[in-house]
Amino acid sequence: MAMEVTQVLLNAQSVDGIVRKHAEDTLKQFQDQNLPGFLFSLSAELASNDKPVDSRKLAGLILKNALDAKEQHRKFELVQRWLSLDVTVKSQIKTGLLQTLSSPVPDAQSTASQVIAKVAGIELPQKQWPELIGSLLSNIHQLPAHVKQATLETLGYLCEEISPDVVDQDNVNKILTAVVQGMNASESNNDVRLAATRALYNALGFAQANFGNDMERDYIMRVVCEATLCPEVKIRQAAFECLVSISSMYYEKLAPYIQDIFNITAKAVREDQEPVALQALEFWSSICDEEIDILEEYGGDFTGDSDIPCFYFIKQALPALVPILLETLLKQEEDQDQDEGAWNLAMAGGTCLGLVARTVGDDIVPLVMPFIEENITKPDWRQREAATYAFGSILEGPSPDKLMPIVNVALNFMLAALTRDPNSHVKDTTAWTLGRIFEFLHGSAMETPIITQENCQQIVTVLLQSMKDVPNVAEKACGALYFLAQGYEDVGSSSPLTPYFQEIVRSLLTVTHREDAGESRLRTAAYETLNEVVRCSTDETAPMVLQLVPVIMMELHQTLEAQKLSSDEREKQNELQGLLCGCLQVIIQKLGSSEPTKYVFMQYADQIMNLFLRVFACRNATVHEEAMLAIGALAYASGPDFAKYMPEFYKYLEMGLQNFEEYQVCSVTVGVVGDICRALEDKILPYCDGIMTQLLKDLSSNQLHRSVKPPIFSCFGDIALAIGENFEKYLMYSMPMLQSAAELSAHTSGADDEMIEYTNLLRNGILEAYSGILQGFKNSPKTQLLIPYAPHILQFLDSIYMEKDMDDVVMKTAIGVLGDLADTLGSNAGSLIQQSLSCKDFLNECLSSEDHLIKESAEWAKLAIGRAISV
């Protein structure tokens, strides 16, 4: 049954393109004509020790990709395809894979481990291959060592592939025993010990019961802590990774070990190699994350009923932990500011310090201030930069009262440093710190402003000057200006930035044209800041925002004129088009929000729309998304006049709705359909057949990303509101879809947080659809068409009320729908509402809600129900 594939697999890796293409086609043909034979031949190749290592590796890789894929729908197809294969073939393949684990060739062995885990990920949940774990565990006691190593590696991959409920506790115990024994200091082979430590990392999620048992937990913790002291650096790193994972998974079990862990991590941060030291710091960052979550959820007052008490590990460790973190800040790397992916001890230490500040608040300040005061003026740049970084890191967490006096003194110092410090590291961190000051301590919520008429001009001058500095410093200066503008978002009619508006805009545009604006995200940062400055501007500067329109249009026009670009230039071009469309969107929203400016702005509408249509003609997803959003803003501003663009624009709207692959584009397009419905109202009618057909197609496709479904349902509501009783012909298609989605989303028992969040989004979309349809038919002679659907809508409201896991958004929409039912259907709904199991309770609960939006909706619903019942 097996075919000789060695030469084809080697050819598929040839440098000669023609040979490679021919080999790839041969493999594809074999797969299409005889899948069982194809998979079996690959597994035989991988299992055979006399084949070349390159062909074995590729055989394993193709086999692995035949079992799994990134896209959900493709993965589902591959799983079904494997499950429907002949049992004999599958068992031959699996036997071959298990044999390969004892191969002396590390690459073959490691590839087989991954493929076994993929097969197990498909079969174990189906209660197939029950003997797998047993046969793997029997390998553990075998010598040679490489078999033991491969088996532990396989167990690790296996735990990564399957969810804990697939393996019974008896097998979990056996796996953990094997893994922890492999980690033990008595294990003389380092490869085995490393494979075991990495396997434990993946198996921790299975160890719930074991961590609940004191003796077993003590044993696991002891072995992990011992492994952090192993002479082999990779094992130490893997052991600390286990500790990090334990800190988030089993936070509430850590108290007995925390002192020992503190000693081990402190020593590692001070003395060990960087990969190990980074993980040791990560342990404390992870503890901060846990405590921040607990304190946010329970508001710091622990009554006996909270599930997870806070142990205040960080608060207790503060006096010893902060000095260790401050020491790391002095271990900077020379070029870390230029390298986007840089991550080193100093950066990890500063990040951890920032988390500690958020965990303990005011208590951090006195522990860090002496370090800042001592180092901020030192001749060595490392000390100045570390002091600045320490200061910037503690600005989120402590109260404004605690920070204000220090910030008032520091501000002038920072502005001077940004202008005069000879070192660009120091300037980079100083600009970042100024941004943090403006982000956390400036804005309408602050009682005493840190930015006054007196220092505002100096701040703007320094930041604009700094935007001419090297790219990484200029990018941070843009960021500081962003938060400076944001702090004046709610000032009403007059902003302290008004006098500098024109100069700020001019400087930002100059930055976007710098030769080196492609470095350090500088161009993107400049446009983001420009958008924020426009968004937060006041009526006084509207004429200047209007002057910006032709400037940005001209830039967009120039990107569309560019000819014959290399793929690199094309990519830059696309990025720039996206940024310019984003900028126009913000300008349109700003100018469209008040009548006088909207009137003047509309003279540009035709030209702008024309540019957007040309942007669509260039096929690029990110740009499409930005242009779509800008068109949504234009539709909102144009109102009914937008109708004249529809004949031209409709095909791109349809293209966006058909774009399954780039589902963000699809999602944004659905949102824009809503904007257009609100703008055009019944003028959208001629396009509704096409739009509804596409939306219904999207919903019934298994290829569409689930996040697009809730907005599609809301969009039904937008369309119904726009076209009123003309929605009649879509009821027979849309209502059954809404009903089946409603049934699915009513019950969430046993779902995780992410699923509950999605379910609430879905419920909200469904409810918005019902609401739009009910309001659309109000006062129409065709209202009675909706009567048959009312019982189901009420049943949906009942069931989500009974589940008790609605979020506030859903609650507000749901009580609104109850009101719409009564309001539109009158006495036809009244009797149903009276019979409903929970409507009354739900209404009362909403009437006494703390959230004034829910309360308002409930009061309106109460009136509507009252009218419906009294008829």
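None of these values were measured; they are calculated from a predicted model.

Asker: Help me get a handle on the overall build of the protein, residues and values and all.
Answerer: For the protein, the helix and strand inventory stands at 42 helices and 0 strands. Its C-alpha radius of gyration of 32 Å places the protein within 12% of the 29 Å reference for a compact globule of 871 residues. C-alpha extents for the protein along the principal axes are approximately 85 × 75 × 70 Å. For the protein, the residues scored as buried account for 54% of the 871 residues in total. Taking as baseline every contact in the protein between residues at least 6 positions apart, the subset at least 24 positions apart corresponds to 72%. As displayed, the protein has an accessible area near 39,100 Å², and 51% of this comes from carbon and sulfur atoms. The positive charge centre, built from 67 side chains, and the negative charge centre, built from 118, are 4 Å apart in the protein.

Asker: A description of the pattern of salt bridges should follow, citing residues and the corresponding values.
Answerer: Working definition: two side chains of opposite charge can pair if their charged atoms are close together. Tallied over the full model, the rule gives 39 salt bridges. Between Arg384 and Asp421 there is a salt bridge whose closest N-O contact spans 2.8 Å. In this pair, Arg384 is assigned in helix H20 (residues 381-393) and Asp421 in the loop between helix H21 (400-420) and helix H22 (424-441), connecting sequence segments 37 residues apart. Assigned by exposure class, Arg384 and Asp421 land together as buried. Between Asp689 and Lys729 there is a salt bridge, with its nearest N and O atoms 2.9 Å apart. In this pair, Asp689 is assigned in helix H34 (residues 685-700) and Lys729 in helix H36 (residues 728-746), connecting sequence segments 40 residues apart. Assessed through its relative accessible area of 45%, Lys729 is described here as partly exposed.

Asker: Can you break down the packing of aromatic side chains residue by residue, with the values?
Answerer: Summed over all chains, the structure comprises 17 aromatic pairs. With 5.3 Å between their ring centres and 45 degrees between their planes, Tyr801 and Phe842 make a pair best called tilted. Of the two residues, Tyr801 sits in helix H38 (residues 790-803) while Phe842 sits in helix H41 (residues 839-847), which places them 41 residues apart along the sequence. The residues Tyr801 and Phe842 share a single accessibility class, namely buried. The ring of Tyr758 carries the charged tip of Arg706 above its face, separated from the ring centre by 4.4 Å. Over the face of the ring belonging to Tyr801 we find Lys804, whose NZ or CZ atom lies 3.5 Å from the ring centre.

Asker: Describe the environment of Leu853, naming the residues involved and giving the relevant values.
Answerer: By the element assignment, Leu853 lies in helix H42 (residues 852-870). Note: C-alpha distance between Leu853 and Asp218 (635 residues apart in sequence) is 51 Å.

Asker: Residues and numbers for the environment of Ser831, please.
Answerer: Mapped onto the secondary structure, Ser831 falls in helix H40 (residues 827-835). For Ser831, a relative accessible area of 35% puts it in the partly exposed group. Along the primary structure Ser831 and Ala868 are separated by 37 residues, whereas in three dimensions their C-alpha atoms are 8.4 Å apart.

Asker: Give a detailed account of the nonpolar core, specifying residues and quantitative values.
Answerer: In terms of nonpolar packing, the biggest core is built from 307 residues, with Ile364, Phe649 and Ile719 touching the most fellow members. It is helix H16 (residues 274-298) that contributes the most residues to this core, 12 residues altogether.

Asker: Please provide a residue-by-residue account of the state of the cysteines, values included.
Answerer: As enumerated under the stated definition, the model contains 0 disulfides in all. The closest cysteine sulfur to the non-disulfide-bonded Cys225 is located on Cys242, 11 Å from its own sulfur. Owing to a relative accessible area of 14%, Cys225 belongs among the buried residues under this scheme. Cys715 provides the cysteine sulfur closest to Cys677, a residue in no disulfide bond, and the two sulfurs are 5.6 Å apart. A relative accessible area of 1% means that Cys677 is categorised as buried.

Definitions and limits used
- Residues numbered from 1 in each chain as written.
- Predicted model: local features only at pLDDT ≥ 70, side-chain atom pairs only at ≥ 80, totals over all residues.
- Heavy atoms only, no water.
- Helix = DSSP H or I, 4+ residues; strand = E, 2+ residues; numbered from the N terminus.
- Rg over C-alpha atoms; globule rule 2.2 N^0.38 Å.
- Buried < 20%, exposed > 50% of the residue type's maximum accessible area, 1.4 Å probe, protein only.
- Contact = heavy atoms within 4.5 Å.
- Areas by Shrake-Rupley, 256 points an atom, 1.4 Å probe, with all protein chains shown as cover.
- Lys, Arg positive; Asp, Glu negative; His and termini not counted.
- Charge placed at Lys NZ, Arg CZ, Asp CG, Glu CD.
- Salt bridge = Lys/Arg side-chain N within 4 Å of Asp/Glu carboxyl O.
- Phe/Tyr/Trp six-rings, centres within 6.5 Å; stacked < 30°, edge-to-face > 60°.
- Lys NZ or Arg CZ within 6 Å of the ring centre and 35° of its normal.
- Core = buried A, V, L, I, M, F, W, Y, C linked by side-chain atoms within 4.5 Å.
- Disulfide = S-S within 2.5 Å.

Note that all results are geometric; they support no functional claim without further evidence.
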